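Below are the chains, spelled out letter by letter.
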Amino acid sequence: MPLWLLIPLAVLILAACLYLSLIASRPAKDWRLAPFLSFDYAHRGLYTKDQTVPENSLAAFGRAVEHSYGAELDVQLSADGQVVVFHDGSLKRMCGLDKPLNALTYSELKGLPLGQSGERIPLFTEVLELIGGKVPLIIELKAGGRNSELCRKTWEILQGYKGPYCVESFDPRIVRWFKKNAKKVVRGQLADQYKNAPSVPPFLRFLLKNLCGNFLAKPHFIAYRHEEAGECLNFKLCKKWFHLLTVAWTVRDGDDAEAVRKQFDLIIFEHFLP
């Protein structure tokens, strides 16, 4: 082959290798994944659509255990550094207070009702005590300005927990923290197409939605918004090339759950009982 053809071919092969290395991840046959494979996962616990049993509440997690579902939950930090279970950055939607969660101490937070219920924002330790290893957990760490502190404190708590759990985050740096500091923990990369994230710079949005942080995090699974996974070539490559475990979020009442199961290995669901 002429040299003038060899050079561009070599460049093309190198570019392909670099590209694949960006989305490279852990093999799906890792034995640590076995405890998670036979469950569907209740999104923020098995809460009700009208929030009479509110999301991320002890009551919602109790219902998940009663129905033998795994549970997905969200953790973040209070102002005084307590790891609490709550989804939004703001307290307004769930507690009616227009303030960031991380601006209040836990003693202040526990005085706020979740919706119209008698439930309160639980500590992460309270949820773990309730679950008690009965069902597996998917723990999302919410990205913010205190990522390292959140990772460290969450891991400190988890070291005393005996049940099956894995961690995930939209931020590859959080997933990478567990790769570096808690190598045995199963970790996942959350992603979607970032269509509702105008504050995220376009280039960063491109990298995140295309799973280009995998080279940092080396996740064991990808959790992708199920309606948008078909728009991501790299999701398909992760599944077909690297045989990566895939998790669908969030499958809702009215979605074709069986069609989603054909595309994903596991589902996170809400507002119906699969």
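Here goes a summary of the coordinates provided. Being a predicted model, the structure only gives us computed values, none of them experimental.

Considering the layout of surface pockets
Next, step 1: When its volume is computed, the largest pocket comes out at roughly 850 Å³.
Next, step 2: As for the largest pocket, its lining consists of 39 residues, and the residues nearest its centre are H87, E140, K142, A143 and F170.
Next, step 3: Where the lining of the largest pocket is concerned, the elements lending two or more residues are β2 (70-77), β4 (137-141), α6 (147-158), β5 (165-169), β8 (245-252) and β9 (266-270).
Next, step 4: It is β2 that provides the largest number of residues to the lining of the largest pocket, a total of four residues.
Next, step 5: Its boundaries defined by the atoms lining it, the second largest pocket holds a volume of some 290 Å³.
Next, step 6: In terms of lining residues, the second largest pocket is bounded by W31, R32, P35, F36, Y161, K162, G163, P164, Y165, K184, V185 and V186.
Next, step 7: Taken together, the residues of the lining of the second largest pocket sort by class into eight nonpolar, one polar and three charged.

What to know about the environment of L273
Next, step 1: Position of L273 relative to the elements: it lies in the segment after β9.
Next, step 2: Along the chain, L273 and D40 lie 233 residues apart, while their C-alpha atoms are 9.5 Å from each other.
Next, step 3: Residue contacts for L273: discarding those within four places in its chain leaves L46, H67 and Y69.

Focus on the packing of helix α2 (residues 58-66) against helix α5 (residues 124-131)
Next, step 1: Closest axis-to-axis distance for the α2/α5 pair is 10 Å, and the angle between their directions is 25°. By the angle between their axes, α2 is roughly parallel relative to α5. Crossing of α2 against α5: the hand is right-handed. Residues L58, F61, G62 and V65 of α2 lie in contact with α5, whose contacting residues are E126, V127, L130 and I131.
Next, step 2: Taken together, the residues that form the contact of α2 with α5 break down as six nonpolar, one polar and one charged.

The rules behind the values
- Residues numbered from 1 in each chain as written.
- Predicted model: local features only at pLDDT ≥ 70, side-chain atom pairs only at ≥ 80, totals over all residues.
- Heavy atoms only, no water.
- 1 Å grid on protein atoms, 1.4 Å probe; cavity = no way out; pocket = protein on both sides within 12 Å on 5 of 7 lines; lining within 4 Å.
- Points joined across faces, edges and corners; volume = space filled by probe spheres on them.
- Helix = DSSP H or I, 4+ residues; strand = E, 2+ residues; numbered from the N terminus.
- Nonpolar A, V, L, I, M, F, W, Y, C, P; charged D, E, K, R; others polar.
- Contact = heavy atoms within 4.5 Å.
- Axes fitted to C-alpha atoms, helices over the stretch in contact; angles between N-to-C directions.
- Parallel < 35°, antiparallel > 145°, perpendicular 65-115°, else oblique.
- Left-handed = near helix turned anticlockwise from the far one by under 90°.

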